[in-house]
Amino acid sequence: MLRMPEPDAGVLARRAQIAADLRGMLPAESVIADEHERRGYESDGLTAYRQLPMIVVLPETTAQVSQVLKYCHANNVKIVPRGAGTSLSGGALPLADGITLGLGKFKKVLDIDLPNRCAVVQPGVTNLGVTQAVQHLGFYYAPDPSSQIACTIGGNVAENSGGVHCLKYGTTTNNILGLEMVLMDGEVIRIGGKHLDSELYDLMGVICGSEGLLGVITEVTVRILPRPATARALLIGFPSNESAGDCVAKIIGAGIIPGGMEMMDRPAIHAAEAFVHAGYPLDVEALLIVELDGPKAEVDELIDRVRIIGEAAGSVSLRISNSEAERENFWAGRKAAFPAVGRISPDYYCMDGTIPRAALPKVLNRMAELSEKYGLRVANVFHAGDGNLHPLILYDANIPGELERAEDFGADILRLCVDVGGVLTGEHGVGVEKRDLMPAMFSDDDLKHQIRLKCAFDPEQLLNPGKVFPTLHRCAELGRMHIRAGQMPFPDLPRF
């Protein structure tokens, strides 16, 4: 276990002064300076990297957020926005010389507007909480990450989260209509609203997926959709990953867009079945869950077509849900895949990359070779329909060198995603996890243009610095003088 050295007297005095100033703006209990209380914020879901924040603040209103950011801007204090802390890329990793601003108290559903088919919520409302707020009215919120019971809407916007139904209904960026955001200087801006289209620049498209680098989101207007009249799922087993991947391509190629289409390999199937008892077949190498929704006649027709496509691709087992409870049970195993894998390995590293669907067999074969190379097992779960991969690399952090091997294995998987025409992330974000891999996908000029965009929002680069970009350029001298990432507050990240 690595611990950072005790701060010197000057740092302690600065912390005490900042904490005192912040308590003049917020209720005293909303400013956390005690070391033991700060410990709960030292990492996000990427728990291999940990760093105690200088101070944690928990505002309750947009006005308080504005005050905190205005203060930090005036006093050159770095700030890291944080939602529920479920990020798997280190996006909410604190800074030793920065404030962590938690939005957990922003948890109200402010408005449900059925005529405009939207809801206005605060960023601390959980993903599942939006659906729970409108389901009695026959509506729901479509994006559904596996962590939906805990992850929050603000974090979903920061990472552009997707989920099992994003193939048909889109990721977060396709399901938000408006945002309220506080800029680094404390200015509060509103973008979009309840109308379907925004004028001028697509600033919501810029902000969604910006990982807390541009501002702090304090309100989100989300689309809500009427529940489909019918939803049924097929559980299709295959003798190989290749045949399952072939079936995915053929379903899409036939013009069928399922509500959701997920794939699991043998290790993930066995782990999920032992954990949830969803009735998954244990004698197959790969399993597809294909959900079809819409009018009953349409769903019945599509079920027959998908069954025929699966048989042509070599399926060896087939179950079709005949009740809502059975459909939900099919999904229960997939939704619980991550905690299920946690029962069979002391630690695992959850990856996230996206590839063209047609490259799935090639990528799976290469991952099997990499598993042999690094001597580490891997369990695979995919949003198969949109090519978003979530390999789970199993390791034991108590064995010297295994974490480093897992990281190298993961880096090779992400380079492979880019090599076959994909991207480094689908929904987990870049954070610190993929920061140093950005040059594998973007040229130096590409990255400079992205940093120029950040500079337009945050010229002093106080918002979540050290994330996403491997090289941090000075805004005033972009292209001429820059600071290397090694000079950032965490060049050698403290890890467990």
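Residues numbered from 1 in each chain as written. Predicted model: local features only at pLDDT ≥ 70, side-chain atom pairs only at ≥ 80, totals over all residues. Heavy atoms only, no water.

> Explain the overall build of the chain to me, please; I cannot follow it from the model alone.
When its secondary structure is counted, the chain shows 15 helices and 21 strands. Taken along the three principal axes of its C-alpha coordinates, the chain extends 70 × 55 × 40 Å. Out of the 496 residues in the chain, the part that is buried amounts to 55%. Taking the contacts inside the chain whose residues are at least 6 apart along the sequence as the reference set, 71% of them involve residues at least 24 apart. In the form shown here, the chain has an accessible surface area of approximately 20100 Å², with 52% of it arising from carbon and sulfur atoms. Taken together, the 47 basic and 62 acidic charged side chains of the chain have centroids lying 1 Å from each other. (Helix = DSSP H or I, 4+ residues; strand = E, 2+ residues; numbered from the N terminus. Buried < 20%, exposed > 50% of the residue type's maximum accessible area, 1.4 Å probe, protein only. Contact = heavy atoms within 4.5 Å. Areas by Shrake-Rupley, 256 points an atom, 1.4 Å probe, with all protein chains shown as cover. Lys, Arg positive; Asp, Glu negative; His and termini not counted. Charge placed at Lys NZ, Arg CZ, Asp CG, Glu CD.)

> Sorry, what's going on with the packing of aromatic side chains here?
When we look at a pair of aromatic rings, we describe it by the centre distance and by the angle of the planes. Tallied over the full model, the rule gives two aromatic pairs. For the pair Tyr140 and Tyr169, a centre-to-centre distance of 6.4 Å together with 85 degrees between the ring planes defines the contact as edge-to-face. With Tyr140 in strand β7 (residues 139-140) and Tyr169 in helix α6 (residues 166-169), the pair connects residues that are 29 residues apart, well separated along the chain. We classify Tyr140 as buried; its relative accessible area is 8%. Measuring from ring centre to ring centre gives 5.5 Å for Tyr374 and Phe409, while their planes differ by 15 degrees; the resulting arrangement is stacked. On the criterion of sequence distance, the pair formed by Tyr374 in helix α13 (residues 360-374) and Phe409 in helix α14 (residues 402-419) is long-range, its members being 35 residues apart. Of the two residues, Tyr374 and Phe409, both sit in the buried class. (Phe/Tyr/Trp six-rings, centres within 6.5 Å; stacked < 30°, edge-to-face > 60°.)

> Sorry if this is basic, but what is going on with the side chain of His390 here?
Its location among the elements puts His390 in strand β19 (residues 388-395). Exposure remark for His390: the relative accessible area of 2% places this residue in the buried category. Of note is the side chain of His390, whose polar atom sits 3.4 Å from the side chain of His383. A polar side-chain atom of His390 sits 2.9 Å from a polar atom in the side chain of Glu427. Among residues more than four places away in sequence, those in contact with His390 are Arg334, Phe338, Met351, Asp352, Ala379, Asn380, Val381, Phe382, His383, Glu427 and His428. (Polar contact = N/O pair within 3.5 Å; in protein donor to acceptor, adjacent residues only side chain to side chain.)

> What is the right way to read helix α15 (residues 444-457) from this model?
Every α-helical turn comprises 3.6 residues, leaving residues that sit three or four positions apart pointing alike. Relative to the 20 Å expected for 14 residues at 1.5 Å per residue, α15 spans 21 Å between its end C-alpha atoms, a close match to the ideal helical length. Residues of α15 that are buried in the fold lie against β8 (176-182) and β20 (471-473). (Expected span 1.5 Å × (residues − 1).)

> Help me understand the confidence of the model for the chain in this model?
Detailed reading of the predicted coordinates is not advisable wherever pLDDT falls low. Averaged over all residues, the pLDDT of the chain equals 92, while 95% of them reach at least 70. Counting contacts from residues 479-496, a segment whose pLDDT is below 50, to residues more than four positions away or on other chains yields 51 contacts. (pLDDT = per-residue confidence, 0-100.)

> Is there a simple way to think about the state of the cysteines in this case?
Here a disulfide denotes a covalent bond joining the sulfur atom of one cysteine to the sulfur atom of another. As enumerated under the stated definition, the model contains one disulfide in all. One disulfide bridge connects Cys455 with Cys475, the sulfur atoms lying 2.0 Å from each other. On the sign convention where negative means left-handed, the S-S torsion of about -85 degrees between Cys455 and Cys475 marks this disulfide as left-handed. Pair noted here: Cys455 is in helix α15 and Cys475 is in the loop between β20 and β21 (482-484), with a separation of 20 residues, a long-range link. With a relative accessible area of 11%, Cys455 lands in the buried category. Cys475 sits in the partly exposed class, given a relative accessible area of 22%. Of all cysteine sulfurs, the one in Cys475 lies closest to Cys72, which takes part in no disulfide; the gap is 17 Å. Unpaired in terms of disulfides, Cys208 finds its nearest cysteine sulfur in Cys166, a separation of 12 Å. Looking at Cys208, the relative accessible area reads 7%, which means it is buried. (Disulfide = S-S within 2.5 Å.)

> Sorry, what's going on with the environment of Leu200 here?
Its location among the elements puts Leu200 in the loop between β9 (188-192) and α7 (203-207). Residue class for Leu200 comes out exposed when judged on its relative accessible area of 81%.

> Would you explain the environment of Arg117 in this entry?
With respect to the element layout, Arg117 can be found in the loop between β5 (109-113) and β6 (118-121). Accessibility expressed as a relative area gives 45% for Arg117, which makes it partly exposed. Through-space distance from the C-alpha of Arg117 to that of Ser321 is 29 Å; in sequence the pair is 204 residues apart. The contacts of Arg117, once residues within four sequence positions are left out, are Phe139, Val222, Arg223, Ile224 and Pro226.

> Would you mind going over the pattern of salt bridges with me for this structure?
Pairs may arise between side chains of opposite charge once their charged atoms sit close together. Going through the model one piece at a time under the given rule, you end up with 30 salt bridges. Lys78 is the partner of Asp97 in a salt bridge, and the nearest nitrogen-oxygen pair spans 2.9 Å. Of this pair, Asp97 sits in the loop between β3 (78-82) and β4 (98-102) while Lys78 sits in strand β3, placing them 19 residues apart in sequence. For Asp97, a relative accessible area of 32% translates into the label partly exposed. Of the charged contacts in the structure, one is a salt bridge between Asp436 and Arg435, with a shortest N-O distance of 3.5 Å. For Asp436, a relative accessible area of 52% translates into the label exposed. Given a relative accessible area of 5%, Arg435 falls into the buried group. (Salt bridge = Lys/Arg side-chain N within 4 Å of Asp/Glu carboxyl O.)

> Sorry, what's going on with unusual backbone geometry here?
Residues other than glycine seldom take positive phi values, yet Gln461 does so here, at roughly 50 degrees. Residue placement: Gln461 occurs in the loop between α15 and β20. Of note in the backbone geometry, Val468 takes a positive phi value of approximately 75 degrees without being a glycine. Residue placement: Val468 occurs in the loop between α15 and β20. Assessed through its relative accessible area of 7%, Val468 is described here as buried.

> Would you explain the packing of helix α1 (residues 9-23) against helix α3 (residues 62-75) in this entry?
What describes two packed helices is the angle between their axes and the distance between those same axes. Where α1 contacts α3, the axes come no closer than 11 Å and their chain directions differ by 145 degrees. Helix-helix and strand crossings are classified by hand; for α1 and α3 the assignment is right-handed. Judged by residue contacts, Arg14, Gln17, Ile18, Asp21 and Leu22 of α1 engage Val68, Tyr71 and Asn75 from α3. Across the contact of α1 with α3, the residue classes tally to four nonpolar, two polar and two charged. (Axes fitted to C-alpha atoms, helices over the stretch in contact; angles between N-to-C directions. Left-handed = near helix turned anticlockwise from the far one by under 90°. Nonpolar A, V, L, I, M, F, W, Y, C, P; charged D, E, K, R; others polar.)

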